[in-house]
Amino acid sequence: MKREAASGFTYLPARTLESLKGIELVARSLVEGALLGLHRSPYHGFSSEFAGDRKYAPGDSIRYLDWKALARSGKYYIKEFEEESNLKSYILLDGSGSMAMSDPAGHPVKFHYACYLAAAFCYLMYQQRDASGLFVYSDRILRASPARAGRANLTALLGTLESLKPEGATRNGACLRQIAEQLPRRSLAILFSDLFSLDGDFAPALRLLRFKQCEVILFQVLNDAELTFPYRGRVELQDLETGQRLELEAEPVRDAYLKRLEEHNRKLRNLCDSMNFMFETLSSSTPFERALAAYFAKREKLF
């Protein structure tokens, strides 16, 4: 996968870094707690533990030069620290085959779109010196990275996103339940999925997160074909998780499909509303920086 020079990673291009300037993601638990009405500074209240060295890069502060390493090797290294942060956030990413669906209009594959958004949130938490972790799942948990703060952690998370390929079946509820059991209390969970396949564990998993006083944001990532069913005439559709194929006449089923999608999302939204969780449907045809800006504008009004 081609990497961009701005950050070294495809999913964190320069335009994303620019769009995140001045944005602070304050957890609802903090807003509703002792810091009500205040924007907390991410630079207070941390303790740091030495995590290791990395090579010096132009622009690094000499304040953190490892002088002992310089004396031993004659080379410049920067000390890095793992920071204890006030907020632990977790990206929950659906890596199943349905997320690989392409868009007839040539817009980003849903999974790639979700990865751009996930990378933006990871970078935002890094900017705030808060901790971020990552869970990737399909019909089982594929990757699990604990929440940590610091540049090394951001690089590791972005590297993981670069390496992923969506495939296999999905079990949103069962996997979310396993993840919920591992998340610490009062953490922030940000879910990216098409949320089409919801098994019987889905609602209980959300209830467990609510019980643990976690804030949960659910981003349903769909493409325009799924949102509008633009097909005409006889078409063949394939289930990307099972491989099953279905031939049908598009026009007679369009209204029924759209009605069923609307009903599905209405139930999902009502479930989230009942737990005070945010639910947003995003189209991969919308530039992701614009989608992020719209979300944060809405979030600021709610808070």
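Below or above, wherever it landed, is the structure these notes cover. As the structure is a prediction and not an experimental result, all values here were calculated from the model. (Residues numbered from 1 in each chain as written. Predicted model: local features only at pLDDT ≥ 70, side-chain atom pairs only at ≥ 80, totals over all residues. Heavy atoms only, no water.)

Re the pattern of salt bridges
Then, number 1: Within the structure shown, the criterion is met by 13 salt bridges.
Then, number 2: In this structure, the salt-bridge partner of Lys 110 is Glu 226, at a minimum N-O distance of 2.7 Å. Of this pair, Lys 110 sits in helix α4 (residues 110-127) while Glu 226 sits in helix α8 (residues 224-228); the two residues are 116 residues apart in sequence, bridging distant segments of the chain. This pair shows no difference in class: Lys 110 is buried, exactly as Glu 226 is.
Then, number 3: Notably, a salt bridge pairs Arg 234 with Glu 249, separated by 3.6 Å at the nearest N-O pair. Linking Arg 234 in strand β8 (residues 234-238) with Glu 249 in strand β9 (residues 245-249), this pair joins segments that are 15 residues apart in sequence.
Then, number 4: Assessed through its relative accessible area of 53%, Arg 234 is described here as exposed.
Then, number 5: Residue classification places Glu 249 among the partly exposed residues on the basis of a relative accessible area of 36%.
Then, number 6: Members of the salt-bridge network, linked through shared partners, are Lys 110, Asp 194 and Glu 226. (Salt bridge = Lys/Arg side-chain N within 4 Å of Asp/Glu carboxyl O. Helix = DSSP H or I, 4+ residues; strand = E, 2+ residues; numbered from the N terminus. Buried < 20%, exposed > 50% of the residue type's maximum accessible area, 1.4 Å probe, protein only.)

Quick look at the pairing of β8
Then, number 1: When β8 meets β9, the two strands line up antiparallel, connected through five bridges. Bridging from a neighbouring strand, Val 235 pairs with Leu 248 of β9.
Then, number 2: Taken together, β8 and the strand that follows it, β9, pair antiparallel across an intervening segment of six residues, in which Gly 243 is found at a positive phi of about 85°. (Pairing = 2+ DSSP bridges.)

Focus on the nonpolar core
Then, number 1: Membership of the largest hydrophobic core comes to 44 residues, with the highest contact counts inside it found for Leu 93, Phe 121, Leu 161 and Phe 192.
Then, number 2: Among the elements that line this core, the one with the most residues is α4, at 14 residues.
Then, number 3: Setting aside residues up to four positions removed in sequence, Phe 121 forms contacts with Leu 25, Ile 91, Ile 190, Phe 192, Phe 219, Leu 292, Tyr 295 and Phe 296.
Then, number 4: Judged by nonpolar contacts, the second largest core, of 28 residues, contains Tyr 90, Leu 92, Ile 179 and Ala 205. (Core = buried A, V, L, I, M, F, W, Y, C linked by side-chain atoms within 4.5 Å. Contact = heavy atoms within 4.5 Å.)

Some details on unusual backbone geometry
Leave glycine aside and you will find that most residues have negative phi; peptide bonds, for their part, are mostly trans.
Then, number 1: If you check the backbone angles, Arg 186 has positive phi at about 60° while not being a glycine.
Then, number 2: When you line up the elements, Arg 186 lands in the loop between α6 (172-182) and β6 (188-193).
Then, number 3: Notably, Asn 276 is not glycine yet its phi reads approximately 65°, a positive angle.
Then, number 4: Take Asn 276: it is sitting in the loop between α9 (250-274) and β10 (278-283).

Description of the packing of aromatic side chains
Then, number 1: Evaluation of the coordinates by the stated rule reveals 13 aromatic pairs.
Then, number 2: Judged by centre distance (6.2 Å) and plane angle (55°), the rings of Phe 121 and Phe 192 are tilted. With Phe 121 in helix α4 and Phe 192 in strand β6, this pair connects stretches of sequence that are 71 residues apart. Phe 192 shares its class with Phe 121; the two are buried.
Then, number 3: Each ring, one from Phe 192 and one from Phe 219, has its centre 5.2 Å from the other, and the planes form 10°; the classification is stacked. In this pair, Phe 192 sits in strand β6 while Phe 219 sits in strand β7 (residues 215-222), placing the two residues 27 residues apart along the sequence. Per residue, the accessibility class of Phe 192 equals that of Phe 219, and both read buried. (Phe/Tyr/Trp six-rings, centres within 6.5 Å; stacked < 30°, edge-to-face > 60°.)

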